[in-house]
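Results of the structural survey
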Amino acid sequence: MPSIVKLDPAEKRRARSLWQVAFAHFLRDRLSMLALLTLLLLTVACIIAPPILEDTFGLNATRTAVTDRFQLPGTEGHLLGTDHLGRDQLIRILYGGRISLAIAYSASVLAVLIGVTLGLASGYYSGRIDDLITWLINTLNAIPPLFLLLVAAALWQPSAEVLILILAALGWIGTSRLVRGETLALKERDFVLAARAVGASNLRIAVLHILPNILPLIIVTLTIIAGNLILTESGLSYLGVGVQPPTPTWGNMLTDSRSYFVTGIHLVVWPGIFILVTVLCFYLVGDGLRDALDPRRNRR
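Below or above, wherever it landed, is the structure these notes cover. What you see is a predicted model, and the numbers here were worked out from it, not measured in a lab.

So, how was this worked out
Residues numbered from 1 in each chain as written. Predicted model: local features only at pLDDT ≥ 70, side-chain atom pairs only at ≥ 80, totals over all residues. Heavy atoms only, no water. Helix = DSSP H or I, 4+ residues; strand = E, 2+ residues; numbered from the N terminus. Buried < 20%, exposed > 50% of the residue type's maximum accessible area, 1.4 Å probe, protein only. Contact = heavy atoms within 4.5 Å. Areas by Shrake-Rupley, 256 points an atom, 1.4 Å probe, with all protein chains shown as cover. Lys, Arg positive; Asp, Glu negative; His and termini not counted. Charge placed at Lys NZ, Arg CZ, Asp CG, Glu CD. Patch = residues over 30% accessible without salt bridge, like charges linked within 9 Å, V, L, I, M, F, W, Y side chains within 5 Å. Salt bridge = Lys/Arg side-chain N within 4 Å of Asp/Glu carboxyl O. Polar contact = N/O pair within 3.5 Å; in protein donor to acceptor, adjacent residues only side chain to side chain.

Glancing now at the overall build of the chain. When helices and strands are counted, the chain shows 13 helices and 0 strands. Each helix (α) and strand (β) of the chain, taken in turn from the N terminus, gives the series α-α-α-α-α-α-α-α-α-α-α-α-α. Each of the three principal axes of the chain carries a C-alpha extent, and together these read 80 × 60 × 30 Å. Counting all 300 residues of the chain, 42% fall into the buried class. Excluding contacts between residues fewer than 6 apart, the proportion of contacts in the chain whose partners are at least 24 apart in sequence is 71%. As presented, the chain carries roughly 16700 Å² of accessible surface, and 66% of it is formed by carbon and sulfur atoms. With 25 positive and 20 negative side-chain charges, the chain shows a separation of 10 Å between the mean positions of the two kinds.

On the surface, Phe261, Val262, Ile265, Val269, Ile273 and Val277 cluster together to form a nonpolar patch covering roughly 520 Å² of accessible area. Note on placement: Ile273 falls in helix 12 (residues 266-292). Of the residues examined, Ile273 reaches a relative accessible area of 36% and is grouped as partly exposed.

Our focus in this paragraph is the side chain of Thr255. Tracing the sequence through the fold places Thr255 in helix 11 (residues 250-256). By relative accessible area, which is 9% here, Thr255 ends up buried. A polar side-chain atom of Thr255 sits 3.3 Å from the main-chain amide nitrogen of Tyr238. Apart from residues lying up to four places away in sequence, Thr255 is in contact with Ser234, Ser237 and Tyr238.

Going from Pro245 to Pro246, the amide bond is cis rather than trans, its omega being 10 degrees. Relative to the helices and strands, Pro246 is located in the loop between helix 10 (202-238) and helix 11. Located in the positive-phi region is Phe70, a residue other than glycine, with phi close to 55 degrees. Examined against the element boundaries, Phe70 turns out to sit in the loop between helix 3 (30-57) and helix 4 (89-125). Although it is not a glycine, Ser126 sits at a positive phi angle of roughly 55 degrees. When you line up the elements, Ser126 lands in the loop between helix 4 and helix 5 (127-141). Accessibility expressed as a relative area gives 21% for Ser126, which makes it partly exposed.

Now the structure itself:
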């Protein structure tokens, strides 16, 4: 009866794939795991908590009450206080988080999809396609992004949906340049030449052979872009071209509170804390993923 060959622990570690090693490394990174859990809890809370608070405590994000203006945090019925119109800050923070996080997630995914598609096409096909996409990238890079955002927001009504499309349409440039550079390097590798030699189509090579090798870079880029978009939305709200009240976002809540810094300091503190924590968590997750998905670190 043939004996069963058992691998020693060192051989088992060598047999693991890049994704298995990266996942194990990320799980050991306590700071990145804490940041990821914070993001997940914050996202879930912004989605499911507002209806529960409305039904249970009778809170409303748009109902005003002049007698309840500038209530301090901890006041009965208002855990985070009230604003200058007597609206509850907790319910508005949660509703604002829905919009801000939806903009960050949706716009970052769309921007990465556009950037990956154009970068992959530019790097793999070269020729006229590469010249055209490179010209477009260089042209958009020559114009300050804030100027383009201001012009686009002035031309269209700055609702959340429109803002997502605008940010995605202008946020793909960096991703496209990264993907193009990686594709130019990978398309001359032996495994791509071998796939081409056996008759694989260009689309198959690009999608099944090159794209998986740049996927770690794309994942890390996605988290960084999402964090940047939280700050971009806040900056546009400060300039008056973001999502307009009464629809709450963390950005326009922070902007509206600047006039009440003395009479209602909590109106500045809470949106600022949520923006700070969210952006920091995105960056920490991106940093953890970068370390975990680095093949040189995994080999060591």
